[in-house]
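# Tertiary structure, described
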Amino acid sequence: MHDETPQAATDFPDGPQLRPQSLMFAFFGGHVLEEGPLCVYSGSVIEVLARAGVGEQAVRSTLTRMVNRGLLRRQREGRRMYFGLTPQATEILWNGKKRLWDTGAVNDDWDGTWTLLGFSLPESWQRQRHDLRSRLAWSGFGPLYSGLWIAPGDFDVSALVSELGLAAHVKIFHATADDATDIGLMIRDTWDLDGVGALYADFDKRWTDWLGSGSGSGSGSGSGDPLGTRLRLTSEWLRIIRTDPRLPARHLPAGWPARSAQDTFHRIAEHTEDPANRLAARLMETTPLRPS
């Protein structure tokens, strides 16, 4: 183990309880994904996540669960255990990286199209109905009516439907709204704008206050821990933007807080990027991931 002393979790702004798996994904996505097929020593993972406020037992339990779910692979080297990404986890992380850095939280370039998905499932298929609704909500859809869901833009949801085995029970359309449709009213009726907006506003205030307090001025040896900060920042931001369907900006309430929150996210992310990478490189013990 290294002699770097992890910062206490109190160095971070108060916020939602972050799942250890989310922080684990933030670590692998930020410091392993683009470095090639690598495995990371379990002790290194424990040391890194301690900086984000996750205890050793929680890290070990999360590693085991992620292996059981097919998200991580174990690889033994002598008496030490290492963990690497599976193809499934790699795909998840690349999608998350695109959502974090490329897509953006504000939809200024909506072309006026909508994707509509209608479904009719047998009454006894409660689990399938729950799974479909959960996946649609995660993908940015909202319930226009009970069996008709809608999302802005041209979405390809055929893979999602096929994966759930529901292709025979689902119809998908791509369309534009008639002039008689009040899109702003439809959006307010279909999505919880107050809830999504509150997440952005809370994020922006807490992290801006934290920056103003001087906690974010450190570069690894001062009052702030850039690695722990970055893991918590990216994990929380991804959690928020995945609840946001990226509705057309011109149909959102005035002063929609996503833009300001996004600026705050990028400001702290840029501030912590280099020192976090240097610290992670010092803490991580890796070995090449062998072919399965």
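Residues numbered from 1 in each chain as written. Predicted model: local features only at pLDDT ≥ 70, side-chain atom pairs only at ≥ 80, totals over all residues. Heavy atoms only, no water.

What follows is about the nonpolar core. Of all hydrophobic cores here, the largest spans 35 residues; its most connected members are Phe 27, Phe 28 and Leu 49. Going through the elements one at a time, helix 1 (20-31), strand 1 (38-41), helix 2 (42-50), helix 3 (56-68), strand 3 (80-85), helix 4 (87-103), helix 9 (226-241) and helix 10 (258-283) are the ones with two or more residues in this core. The element best represented in this core is helix 1, accounting for six residues. The contact partners of Leu 49, leaving out residues within four places of it in the chain, are Pro 20, Leu 23, Met 24, Phe 27, Val 54 and Val 59. (Core = buried A, V, L, I, M, F, W, Y, C linked by side-chain atoms within 4.5 Å. Buried < 20%, exposed > 50% of the residue type's maximum accessible area, 1.4 Å probe, protein only. Helix = DSSP H or I, 4+ residues; strand = E, 2+ residues; numbered from the N terminus. Contact = heavy atoms within 4.5 Å.)

Tallying each qualifying case throughout the model produces twelve aromatic pairs. For the pair Phe 203 and Trp 237, a centre-to-centre distance of 4.9 Å together with 45° between the ring planes defines the contact as tilted. A residue pair is termed long-range when its members are at least 10 positions apart, and Phe 203 in helix 8 (residues 193-212) and Trp 237 in helix 9 qualify at 34 residues. Taking relative accessible area as the criterion, Phe 203 reaches 0% and is therefore assigned buried. An aromatic cluster of at least three residues, connected via ring pairs, comprises Trp 101, Tyr 200, Phe 203, Trp 207, Trp 210, Trp 237, Trp 256 and Phe 265. Just above the ring of Tyr 41 sits the side chain of Arg 80; from NZ or CZ to the centre is 4.1 Å. (Phe/Tyr/Trp six-rings, centres within 6.5 Å; stacked < 30°, edge-to-face > 60°. Lys NZ or Arg CZ within 6 Å of the ring centre and 35° of its normal.)

If you trace the four strands from one edge of the open sheet to the other, you get 5-6-4-7, paired in antiparallel fashion. Both edges of this open sheet fall to strand 5 (142-145) and strand 7 (170-176), since each of them pairs with a single strand only. Neighbour-to-neighbour, the strand axes of this sheet turn through a mean angle of 30°, independent of strand direction. Note that strand 5 and strand 6 (residues 148-152) share three bridges and pair antiparallel. Its bridge partner lying in strand 6, Gly 142 is registered against Ile 150. Running at roughly 170° to strand 4 (residues 113-119), helix 5 (residues 126-138) makes contact with strand 4, strand 6 and strand 7 of the sheet. Lying over the sheet, helix 7 (residues 183-190) contacts strand 4, strand 5 and strand 6, oriented at roughly 110° with respect to strand 5. (Pairing = 2+ DSSP bridges. Axes fitted to C-alpha atoms, helices over the stretch in contact; angles between N-to-C directions.)

Below, the discussion takes up the pattern of salt bridges. Inspection of the entire model under this criterion finds eleven salt bridges. Arg 290 is paired through a salt bridge with Glu 77; the nearest N and O atoms lie 2.6 Å apart. Here Glu 77 lies in strand 2 (residues 72-77) and Arg 290 lies in the segment after strand 8 (286-288), a separation of 213 residues in the sequence. Judged by relative accessible area, Glu 77 falls into the partly exposed class, the value being 27%. (Salt bridge = Lys/Arg side-chain N within 4 Å of Asp/Glu carboxyl O.)

This brings us to the packing of helix 1 against helix 3. For any two helices packed against each other, the geometry is given by the interaxial angle and the distance between the axes. The contact between helix 1 and helix 3 brings their axes to 10 Å, and the two run at 80°. Between helix 1 and helix 3, the angle falls in the class roughly perpendicular. Facing helix 1, whose interface residues are Pro 20, Gln 21, Met 24 and Phe 25, helix 3 presents Ala 58, Val 59, Thr 62, Leu 63 and Met 66. (Parallel < 35°, antiparallel > 145°, perpendicular 65-115°, else oblique.)

Glancing now at helix 3. Count 3.6 residues to each turn of an α-helix, and residues three or four apart come out pointing the same way. The end-to-end C-alpha distance of helix 3, which contains 13 residues, comes to 19 Å, matching closely the 18 Å that a straight helix rising 1.5 Å per residue would cover. On its buried face, helix 3 is in contact with helix 1, helix 2, strand 2 and strand 3. (Expected span 1.5 Å × (residues − 1).)

Taken together, the four strands give an open sheet; going across it, the order is 2-3-1-8, and neighbouring strands pair in antiparallel fashion. Looking along the sheet, the strands with just one partner apiece sit at the ends: strand 2 and strand 8. Strand after strand, the sheet turns through a mean of 35° between neighbouring axes, direction not considered. Note: strand 1 against strand 8, three bridges, orientation antiparallel. Residue pairing across strands places Cys 39 opposite Thr 287, the latter belonging to strand 8. Against the sheet, helix 2 engages strand 1 and strand 3, with an angle of about 70° to strand 1. Across the sheet, helix 3 is in contact with strand 2 and strand 3; its angle to strand 2 comes to roughly 115°.

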